[in-house]
Amino acid sequence: MKNIITLLVLILFTAGMAVAQDNNASINQVGDDHDAVISQTGDLNTAYVEQTADAGREGADIAEAVITQEGSSNLVNLRQRAFYGDNEATITQVGSGNMVHGMNQGAAFYQNHGLNIIDVHMEGDRNTLYTLAGEAQKNVNTFILDVFGSDNQVGMFQEFGYANIEIDGNYNEVVTN
(Lines give C-alpha, C1' and ligand atoms only; values in the text may rest on other atoms or scores of the structure.)
Protein backbone atom coordinates (compact mmCIF):
# COMPACT_ATOMS: atom_id res chain seq x y z
CA MET A 1 0.00 0.00 0.00
CA LYS A 2 2.84 2.37 0.84
CA ASN A 3 4.35 1.83 -2.63
CA ILE A 4 1.06 2.65 -4.35
CA ILE A 5 0.67 5.92 -2.40
CA THR A 6 4.29 6.85 -3.17
CA LEU A 7 3.72 6.05 -6.84
CA LEU A 8 0.56 8.18 -6.94
CA VAL A 9 2.33 11.13 -5.33
CA LEU A 10 5.17 10.85 -7.87
CA ILE A 11 2.72 10.73 -10.79
CA LEU A 12 0.84 13.80 -9.52
CA PHE A 13 4.11 15.67 -8.93
CA THR A 14 5.33 14.83 -12.44
CA ALA A 15 2.05 15.92 -14.02
CA GLY A 16 2.17 19.18 -12.06
CA MET A 17 5.71 19.84 -13.28
CA ALA A 18 4.67 19.23 -16.91
CA VAL A 19 1.77 21.69 -16.65
CA ALA A 20 3.63 24.40 -14.70
CA GLN A 21 6.06 25.42 -17.40
CA ASP A 22 4.62 28.83 -18.21
CA ASN A 23 6.39 31.61 -16.36
CA ASN A 24 5.99 35.37 -16.50
CA ALA A 25 8.87 37.73 -15.74
CA SER A 26 8.26 41.47 -15.68
CA ILE A 27 10.86 44.17 -15.12
CA ASN A 28 9.91 47.85 -15.15
CA GLN A 29 12.80 50.21 -14.40
CA VAL A 30 12.55 54.00 -14.18
CA GLY A 31 15.59 56.15 -13.50
CA ASP A 32 19.29 55.82 -14.35
CA ASP A 33 21.64 53.02 -15.42
CA HIS A 34 19.36 49.99 -15.77
CA ASP A 35 20.37 46.33 -15.98
CA ALA A 36 17.76 43.60 -16.59
CA VAL A 37 18.54 39.89 -16.99
CA ILE A 38 15.84 37.27 -17.60
CA SER A 39 16.49 33.58 -18.32
CA GLN A 40 13.56 31.22 -18.89
CA THR A 41 13.39 27.55 -19.84
CA GLY A 42 10.23 25.76 -20.89
CA ASP A 43 7.15 26.62 -22.91
CA LEU A 44 4.71 29.55 -22.85
CA ASN A 45 7.06 31.92 -21.01
CA THR A 46 6.66 35.70 -21.18
CA ALA A 47 9.44 38.22 -20.54
CA TYR A 48 8.45 41.87 -20.31
CA VAL A 49 11.13 44.56 -19.94
CA GLU A 50 10.43 48.29 -19.89
CA GLN A 51 13.29 50.64 -19.11
CA THR A 52 12.67 54.40 -19.04
CA ALA A 53 14.39 57.53 -17.79
CA ASP A 54 12.85 59.66 -15.04
CA ALA A 55 9.78 61.60 -16.14
CA GLY A 56 10.69 64.62 -18.22
CA ARG A 57 14.39 63.68 -18.31
CA GLU A 58 16.49 62.53 -21.19
CA GLY A 59 20.12 62.37 -20.22
CA ALA A 60 23.03 59.99 -20.24
CA ASP A 61 20.98 57.17 -18.76
CA ILE A 62 22.01 53.73 -19.99
CA ALA A 63 19.88 50.60 -20.15
CA GLU A 64 20.93 47.03 -20.81
CA ALA A 65 18.58 44.08 -21.13
CA VAL A 66 19.59 40.44 -21.63
CA ILE A 67 16.73 38.01 -22.24
CA THR A 68 17.22 34.29 -22.89
CA GLN A 69 14.38 31.86 -23.53
CA GLU A 70 14.70 28.18 -24.36
CA GLY A 71 11.51 26.33 -25.30
CA SER A 72 8.47 26.90 -27.46
CA SER A 73 5.77 29.56 -27.73
CA ASN A 74 7.73 32.07 -25.64
CA LEU A 75 7.28 35.84 -25.88
CA VAL A 76 9.51 38.88 -25.32
CA ASN A 77 8.09 42.40 -24.95
CA LEU A 78 10.84 45.03 -24.97
CA ARG A 79 10.73 48.82 -24.59
CA GLN A 80 13.80 50.93 -23.97
CA ARG A 81 12.79 54.57 -24.22
CA ALA A 82 13.53 58.13 -23.21
CA PHE A 83 17.27 57.59 -23.02
CA TYR A 84 20.00 59.57 -24.69
CA GLY A 85 21.42 56.42 -26.32
CA ASP A 86 24.04 53.72 -25.94
CA ASN A 87 21.42 51.21 -24.77
CA GLU A 88 21.67 47.54 -25.58
CA ALA A 89 19.23 44.64 -25.72
CA THR A 90 20.31 41.06 -26.36
CA ILE A 91 17.52 38.56 -26.97
CA THR A 92 18.12 34.83 -27.51
CA GLN A 93 15.27 32.45 -28.24
CA VAL A 94 15.85 28.75 -28.93
CA GLY A 95 12.77 26.75 -29.87
CA SER A 96 9.71 27.06 -32.07
CA GLY A 97 6.84 29.51 -32.18
CA ASN A 98 8.65 32.20 -30.19
CA MET A 99 7.92 35.94 -30.62
CA VAL A 100 9.55 39.31 -29.98
CA HIS A 101 7.33 42.38 -30.11
CA GLY A 102 6.10 45.36 -28.14
CA MET A 103 3.51 45.82 -25.41
CA ASN A 104 1.02 43.66 -27.29
CA GLN A 105 1.14 41.56 -30.43
CA GLY A 106 0.17 44.48 -32.68
CA ALA A 107 2.82 46.79 -31.26
CA ALA A 108 6.50 46.99 -32.09
CA PHE A 109 9.33 46.64 -29.65
CA TYR A 110 11.48 49.71 -29.70
CA GLN A 111 14.49 51.65 -28.61
CA ASN A 112 14.08 55.35 -29.24
CA HIS A 113 16.89 57.87 -29.57
CA GLY A 114 20.22 56.99 -31.14
CA LEU A 115 23.24 54.73 -30.89
CA ASN A 116 21.30 51.80 -29.44
CA ILE A 117 21.97 48.15 -30.25
CA ILE A 118 19.49 45.30 -30.46
CA ASP A 119 20.96 41.85 -31.02
CA VAL A 120 18.44 39.04 -31.63
CA HIS A 121 19.30 35.36 -32.07
CA MET A 122 16.40 33.05 -32.99
CA GLU A 123 16.98 29.35 -33.47
CA GLY A 124 14.07 27.12 -34.45
CA ASP A 125 10.97 27.21 -36.63
CA ARG A 126 7.94 29.53 -36.89
CA ASN A 127 9.44 32.36 -34.84
CA THR A 128 8.32 35.98 -35.25
CA LEU A 129 10.08 39.30 -34.67
CA TYR A 130 7.90 42.37 -35.20
CA THR A 131 8.91 46.00 -35.17
CA LEU A 132 7.34 47.92 -38.01
CA ALA A 133 6.31 51.04 -36.10
CA GLY A 134 7.95 54.35 -36.99
CA GLU A 135 9.30 54.88 -33.46
CA ALA A 136 10.83 51.41 -33.25
CA GLN A 137 14.45 51.93 -34.25
CA LYS A 138 15.61 55.36 -35.28
CA ASN A 139 18.55 57.71 -35.18
CA VAL A 140 21.53 55.51 -36.05
CA ASN A 141 20.63 52.38 -34.09
CA THR A 142 22.15 48.98 -34.85
CA PHE A 143 20.03 45.87 -35.50
CA ILE A 144 21.79 42.49 -35.47
CA LEU A 145 19.70 39.43 -36.34
CA ASP A 146 20.66 35.76 -36.61
CA VAL A 147 17.87 33.38 -37.64
CA PHE A 148 18.47 29.63 -37.90
CA GLY A 149 15.44 27.55 -38.87
CA SER A 150 12.44 27.55 -41.18
CA ASP A 151 9.19 29.47 -41.58
CA ASN A 152 10.40 32.43 -39.49
CA GLN A 153 9.00 35.95 -40.02
CA VAL A 154 10.82 39.22 -39.39
CA GLY A 155 9.38 42.70 -39.89
CA MET A 156 11.85 45.49 -39.13
CA PHE A 157 11.52 49.25 -39.48
CA GLN A 158 14.72 51.16 -38.91
CA GLU A 159 15.25 54.83 -39.62
CA PHE A 160 18.85 55.86 -40.36
CA GLY A 161 20.30 52.71 -38.84
CA TYR A 162 22.59 49.80 -39.51
CA ALA A 163 21.43 46.20 -39.88
CA ASN A 164 23.34 42.94 -40.06
CA ILE A 165 21.03 40.02 -40.84
CA GLU A 166 22.09 36.37 -41.17
CA ILE A 167 19.48 33.77 -42.10
CA ASP A 168 19.98 30.02 -42.46
CA GLY A 169 16.98 27.83 -43.27
CA ASN A 170 13.98 27.56 -45.60
CA TYR A 171 10.85 29.65 -46.17
CA ASN A 172 11.96 32.55 -43.97
CA GLU A 173 10.43 35.99 -44.61
CA VAL A 174 12.26 39.21 -43.79
CA VAL A 175 10.86 42.68 -44.47
CA THR A 176 13.01 45.71 -43.65
CA ASN A 177 12.33 49.40 -44.23
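Right above here is the structure, for reference.
Within each chain, residues carry numbers counting from 1 in the order of the written sequence. The predicted nature of this model means local features are confined to residues of pLDDT at least 70 and side-chain atom pairs, given and counted, to a pLDDT of 80 or more, with totals for whole chains, interfaces and linings taken over all residues. Remark: hydrogens and water are excluded; side-chain values derive from all non-hydrogen atoms of the structure.

*Asks:* Help me understand the sheet that holds strand β9 (residues 117–123), please; the structure alone is not making it clear to me.
*Replies:* Sheet strands associate in pairs through backbone hydrogen bonding, adopting either a parallel or an antiparallel arrangement. Strand order in the open sheet made by the six strands is β2-β4-β6-β9-β12-β15, with parallel pairing throughout. Each edge of the open sheet is held by one strand with a lone partner, namely β2 (34–41) and β15 (162–168). Neighbour-to-neighbour, the strand axes of this sheet turn through a mean angle of 0 degrees, independent of strand direction. What makes two strands pair is DSSP finding at least two bridges between them. Secondary structure counts use DSSP, requiring at least four H or I residues in a row for a helix and at least two E residues in a row for a strand, with both numbered from the N terminus. Pairing of strand β4 (residues 63–70) with strand β6 (residues 88–94), which is carried by seven bridges, proceeds in the parallel orientation. What sits directly across from valine 66, in β6, is threonine 90. Where helices are involved, their axes are fitted lines through C-alpha atoms of the stretch in contact, as for all axes, and angles between N-to-C directions lie from 0 to 180°.

*Asks:* Got a minute to help me understand the nonpolar core in this structure?
*Replies:* As a rule of thumb, nonpolar side chains are buried together in soluble globular proteins. Here, nonpolar core means buried Ala, Val, Leu, Ile, Met, Phe, Trp, Tyr and Cys residues that are tied together by side-chain atoms lying within 4.5 Å of each other. For every residue, the accessible area obtained with a 1.4 Å probe (protein chains only) is divided by the maximum for its type, and the residue is called buried under 20%, exposed over 50%, and partly exposed between those limits. Membership of the largest hydrophobic core comes to 20 residues, with the highest contact counts inside it found for Leu78, Ile91 and Val120. Within the residue set of this core, elements represented by two or more residues are β2, β3 (46–52), β4, β5 (75–81), β6, β9, β12 (142–148) and β13 (153–156). In contact with valine 120, other than residues within four places in its own chain, are Ile91, Leu129, Phe143, Ile144, Leu145 and Asp146. Residue contacts are defined here by distance: any two heavy atoms, one from each residue, within 4.5 Å place the two residues in contact.

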